[in-house]
Amino acid sequence: MTFTDRTTIVSAPGKVLLAGGYLVLDPAFSGLVVATDARFYTLIRPGHHSTTTEPYKVVVRSPQFNNATWTYWITLQGTTMDFSPSKEDESRNTFVELALNYSFAMLARLVPAETLTKTLESGLEIVIAGNNDFYSQRKELETRGLDLNTESLTQIPLFASTHTTLSKVHKTGLGSSAALITSLVAAIFIHFDASKLQQDHTTNTQFLHNVAQFVHCLAQGKVGSGFDVSSAVWGSHTYRRFSPEVLQSVMHQDAIQDIPALLKIVTPKETAWDNVVVPFKLAPRLHLMLADIDAGSHTPTLVSNVLKWRKTKPEEANGLWSRLGGSNDKVVELLKELDQVAKSNIVAYDRSIQKASTVAASAWTGLVNQTITNEDTTLELLVKIHAEFLTVRRYLREMSKLSEVPVEPEEQTRLLDACMTVPGVLMAGVPGAGGFDAIFCIVLSDESRKGVEGVWSGFQEMSVGPLLCQESVEGGLVVELGHGHGDNKPLSEYTPTVQRLLQL
Ligand SMILES: Nc1ncnc2c1ncn2[C@@H]1O[C@H](COP(=O)(O)OP(=O)(O)OP(=O)(O)O)[C@@H](O)[C@H]1O
Ligand SMILES: C[C@@](O)(CCOP(=O)(O)O)CC(=O)O
């Protein structure tokens, strides 16, 4: 057996909700979610358990958290499966536990018993690791005596220790739990050859999405909008949520008692899910930058307060919802138009982007007027996108004021405005639920990127921690290893990330 025989590695991206926070909870509105090239990885391989008799041992490890380990025991009983966490574990991991329990219970109904026993016979080892960007690296930088900047971050090795526990870690808002659950569920189904049981590729992917969405909702104890799991599966897109009623009947711990009923709900040809996913791609030369602010807001509190206000002042809120929804849609439409313009004449497009990247967005109108023919579509679109996104921000500040919830707090406004003075910054905003958690910028050149980094490192009011990731090029779920994906190659032929994962 070679090093990679019977090893599966699946990854799923992190996310940034650029537009549509709060609104996306309502199926009448949609949100723009961009997947990041920071990814979460699940590796599954045979364990070292010598006994081939039941119960089978499944060990899950998280090397970034002092090698936190959770052990589970599995016994097969016909089409059912008994699953129990080890009593000796210091702590439980609800997200991981629910993903395993439900995935294995479904597998017991979906795949032949021989496949299950053969795959489980020496137990399983599961390794979970997220790109460094998912967790604040402040402690690691401090340990190395490095300043908080991009240059220092590039010196940290892959999957660095967080120097803390899962319950205390400072997360950066990229959606670690959604990317984790999605990669874990998909890796299990792929490892047991059960990821192709639906009619075709599209329904297989929708099935994995439905299972991940269910597990994530159950672990979070509520049915959220689900855009994070959706982008972990499909990458960047405009997202319209599924009706929460689809999952209502299984949102309790007893759902494990009736797996056939659950399978009916997650199987696309039995239950029609009404989520709408329209793929999205940033136009060429537009790049996403992210920073985590070390002042953290508690997202569930922000959400519950905004929704409380919407309930008490429906007229006020609904008016704002439709104006903001309209503006969000307009931003998406204009960004798509820009991508089309790039496709139709990339040379002219590149020239205009180059021009725009040397001045601040507020001066772009002047550039349009200077063009000889007055018909530079790229510049005109940049001007419109910039203006429309400022409108989005104005509505978010109106929401903050009316609901008394700091969606775009004044400190963030000052930081975003400072970013917007840098030449070649198309937009700067608070992602998702907003608050003090994070900011994003869309920039047109490396020079603009450096300018923004300068603003961040010099900002005195708050500690702004740059992330290294940008928009994803790979999209959603990726099978990095396993089932015909380059098995048996020498270790040196794998990507550095896969090599590192195999050694964790
Ligand atoms: N590396 C990991 N190993 C094991 N479990 C993890 C890991 N990272 C995250 N988790 C699981 O995800 C949970 C965190 O989920 P939670 O919903 O609180 O965060 P989140 O909203 O996804 O955070 P963020 O968007 O900031 O990344 C942890 O309690 C743990 O169960
Ligand atoms: C406020 C909300 O719309 C977005 C929250 O996004 P984030 O976790 O802040 O990226 C909630 C949701 O969509 O589930």
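Residues numbered from 1 in each chain as written. Chains lettered and ligands numbered in written order. Predicted model: local features only at pLDDT ≥ 70, side-chain atom pairs only at ≥ 80, totals over all residues. Heavy atoms only, no water.

Here is the rule: UniProt positions are given in the numbering used here, feature names are shortened, and annotations may be inferred rather than shown by experiment.
The chain is annotated in an unreviewed UniProt entry as Phosphomevalonate kinase from Mortierella hygrophila. UniProt lists a comment for the chain under the heading Sequence similarities (unreviewed entry), and it reads "Belongs to the GHMP kinase family. Mevalonate kinase subfamily."

**Comments concerning helix 15 (residues 410–420)**
The α-helix advances 3.6 residues per turn, and as a result positions three or four apart in sequence lie on the same side. Filter applied, for reference: Any residue under 20% of the maximum accessible area for its type is buried, any over 50% is exposed, and the rest in between are partly exposed; the area is computed with a 1.4 Å probe on protein chains only. The helix count covers DSSP runs of H or I at least four residues long, the strand count covers runs of E at least two residues long, and both are numbered beginning at the N terminus. Of all possible arcs, the one meant is that of the directions from the helix axis to the C-beta atoms. Contact definition: two residues touch when any of their heavy atoms are within 4.5 Å.
Restricting attention to buried positions, one finds in helix 15 the residues Q412, T413, L415, L416, C419 and M420. Viewed end-on, helix 15 has its buried residues packed into an arc of 165 degrees, placing them on one side of the element. If you follow the buried residues of helix 15, they end up packed against strand 9 (287–293), helix 14 (377–403), strand 10 (425–429), strand 11 (438–443), helix 16 (446–458) and strand 12 (464–466).

**A look at the site of ligand 2**
Under the convention used in this document: One heavy atom within 4 Å of a molecule or strand makes the whole residue count as near it. Polar contact is the term for a pair of N or O atoms within 3.5 Å; when the atoms are in protein, one must be able to donate a hydrogen and the other to accept it, and sequence-neighboring residues count only if both atoms are side-chain atoms. When residues are sorted by character, Ala, Val, Leu, Ile, Met, Phe, Trp, Tyr, Cys and Pro go into the nonpolar class, Asp, Glu, Lys and Arg into the charged class, and all the rest, Gly among them, into the polar class.
In the region of ligand 2, the neighbouring residues are K15, G21, Y22, V24, L25, S225, F227, V303, G432 and A433. Take K15: an N or O atom from its side chain is 2.6 Å from an oxygen atom of ligand 2. Separating an oxygen atom of ligand 2 from a backbone N or O atom of Y22 is a distance of 2.8 Å. Residues belonging to the shell around ligand 2 are distributed by class as follows: six nonpolar, three polar and one charged.

**Details of unusual backbone geometry**
Residue H163 is not a glycine yet carries a positive backbone phi of 60 degrees. Take H163: it is sitting in the loop between helix 4 (150–153) and helix 5 (176–191). Phi at E404 takes a positive value of approximately 60 degrees, unusual for a residue other than glycine. You can see E404 is positioned in the loop between helix 14 and helix 15.

**Considering the UniProt feature "domain: GHMP kinase N-terminal" (unreviewed entry) in the chain**
Residues annotated by UniProt as "domain: GHMP kinase N-terminal" (unreviewed entry) correspond here to residues 170–235. Across residues 170–235, helical content stands at 67% and strand content at 0%; the span's end C-alpha atoms are separated by 24 Å.

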